[in-house]
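Single-letter residue listing:
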Amino acid sequence: MPLMKLACTALERVPLIRPKIIDSLMARFNQDLVFCRAPDDNVLTSGVHELQVKKIDPLLKWVESEFGFKPVVYSSFFGGKQEDGLVKAVENVLKKTNDNELAAIDALASASHSLIISIAIFRGRLQIHEAIELIRLEEDMQVEKWGLVEGGHDLDVADLKVQISSAAVFLGLTKQF
């Protein structure tokens, strides 16, 4: 079902609203999940911060090497501002995609709350399980500390796996050789 949804979106919707999809993705870029870092100045958040540094910093280094601009990391839910060069570079990646790729990237970004994670999957930098680990990093840490809510956390994980996996598989199945 998710693959059919992506195929129909790529065939019927993306050609009609391509600029709106790109604008929507770019409008949320500065609030990307991987740019938001927990503060390390108190006991409640220092563990999260350390885990984010360990797991997300390699992806941020890849972004810098891939696009030539170092991402700005911030500790505000309202986001920060990335360098214009990075914003333009990411926007150019989106503009160069075909309809299948843009549909998949949009679905990945919607599920992951991260255009960077979506592009990393698209470019082959992240595998499905790695992306899911990064997306759920903070929540999984809370589950380890406080426990799993059955019928809540487990369903969220299952849904995320379906959304990320189907979009990643769709990318692979529609690659033009």
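Residues numbered from 1 in each chain as written. Predicted model: local features only at pLDDT ≥ 70, side-chain atom pairs only at ≥ 80, totals over all residues. Heavy atoms only, no water.

Undergrad: Is there a simple way to think about the side chain of Arg-37 in this case?
TA: Within the secondary structure, Arg-37 is located in the loop between α1 (2–27) and α2 (46–67). At 2.7 Å, the side chain of Arg-37 forms a polar contact with the side chain of Asp-57. Leave out the neighbours within four places in its chain, and Arg-37 touches His-49, Gln-52, Val-53, Ile-56, Asp-57, Leu-60, Val-73, Tyr-74 and Ser-75. (Helix = DSSP H or I, 4+ residues; strand = E, 2+ residues; numbered from the N terminus. Polar contact = N/O pair within 3.5 Å; in protein donor to acceptor, adjacent residues only side chain to side chain. Contact = heavy atoms within 4.5 Å.)

Undergrad: Before we go on, may I ask you to explain the packing of aromatic side chains in this structure?
TA: Note on aromatic pairs: each is described by the distance of the centres and the angle between the planes. Overall, the coordinates contain two aromatic pairs when judged by the stated rule. Centre to centre, the rings of Phe-29 and Phe-35 are 5.3 Å apart; their planes meet at 90 degrees, and the pair counts as edge-to-face. A single burial state applies to Phe-29 and to Phe-35, both of which are buried. Ring centres of Trp-62 and Phe-67 lie 6.2 Å apart, and the angle between their planes is 75 degrees; on these two criteria the pair is classed as edge-to-face. Exposure class is identical for Trp-62 and Phe-67. Each is buried. (Phe/Tyr/Trp six-rings, centres within 6.5 Å; stacked < 30°, edge-to-face > 60°. Buried < 20%, exposed > 50% of the residue type's maximum accessible area, 1.4 Å probe, protein only.)

Undergrad: What should I look at first to understand the nonpolar core in this one?
TA: Nonpolar side chains in soluble globular proteins generally cluster together in the buried interior. Phe-29, Leu-59, Leu-115, Ile-117 and Ile-121 are the most contacted members of the largest nonpolar core, which totals 49 residues. Of all elements in the fold, only α1, α2, α3 (84–95), α4 (99–112), α5 (115–122), α6 (128–135) and α8 (153–173) reach the threshold of two or more residues within this core. Apart from residues no more than four positions distant in its own chain, Leu-59 is found in contact with Val-34, Ile-116, Ile-117, Ala-120, Arg-125, Leu-126 and Leu-134. (Core = buried A, V, L, I, M, F, W, Y, C linked by side-chain atoms within 4.5 Å.)

Undergrad: Quick question: what am I supposed to make of α4 here?
TA: The periodicity of an α-helix, 3.6 residues per turn, causes residues three or four positions apart to be oriented the same way. Between its terminal C-alpha atoms α4 stretches 20 Å, which fits the 20 Å expected from 14 residues at 1.5 Å a residue. With ten of 14 residues buried, α4 is to be regarded as a mostly interior element. Among the residues of α4, Asn-100, Glu-101, Leu-102, Ala-103, Ala-104, Ile-105, Leu-108, Ala-109, Ala-111 and Ser-112 are the ones counted as buried. In this structure, the buried side of α4 is in contact with α1, α3, α5, α6 and α8. (Expected span 1.5 Å × (residues − 1).)

Undergrad: Honestly, the pattern of salt bridges in this entry has me stumped. Any pointers?
TA: Side chains bearing opposite charge may pair, as long as their charged atoms lie close to each other. This structure, assessed with the given rule, holds nine salt bridges. Residue Glu-91 is joined to Lys-95 by a salt bridge in which the shortest nitrogen-to-oxygen separation is 3.7 Å. Of the two residues, Glu-91 and Lys-95 are both situated in helix α3; the distance of four residues between them amounts to about one turn of the helix. For Glu-139, the salt bridge goes to Arg-136, with nearest N and O atoms at 3.4 Å. The partly exposed category is assigned to Glu-139, whose relative accessible area is 31%. For Arg-136, a relative accessible area of 6% gives the class buried. By sharing partners, the salt bridges in this structure join Lys-88, Glu-91 and Lys-95 into a single network. (Salt bridge = Lys/Arg side-chain N within 4 Å of Asp/Glu carboxyl O.)

Undergrad: What is the right way to look at the packing of α3 against α5 in this model?
TA: If you want to describe how two helices pack, look at the angle between their axes and the distance between the axes. Viewed as axis vectors pointing N to C, α3 and α5 meet at an angle of 50 degrees, and their least axial separation amounts to 12 Å. Between α3 and α5, the angle is such that the two are oblique. Two packed elements cross with a definite hand, and for α3 against α5 that hand is left-handed. Across the interface between the two elements, Val-90, Val-93 and Leu-94 from α3 touch Leu-115, Ile-119 and Phe-122 from α5. Of the residues assigned to the contact of α3 with α5, the class counts are six nonpolar, no polar and no charged. (Axes fitted to C-alpha atoms, helices over the stretch in contact; angles between N-to-C directions. Parallel < 35°, antiparallel > 145°, perpendicular 65-115°, else oblique. Left-handed = near helix turned anticlockwise from the far one by under 90°. Nonpolar A, V, L, I, M, F, W, Y, C, P; charged D, E, K, R; others polar.)

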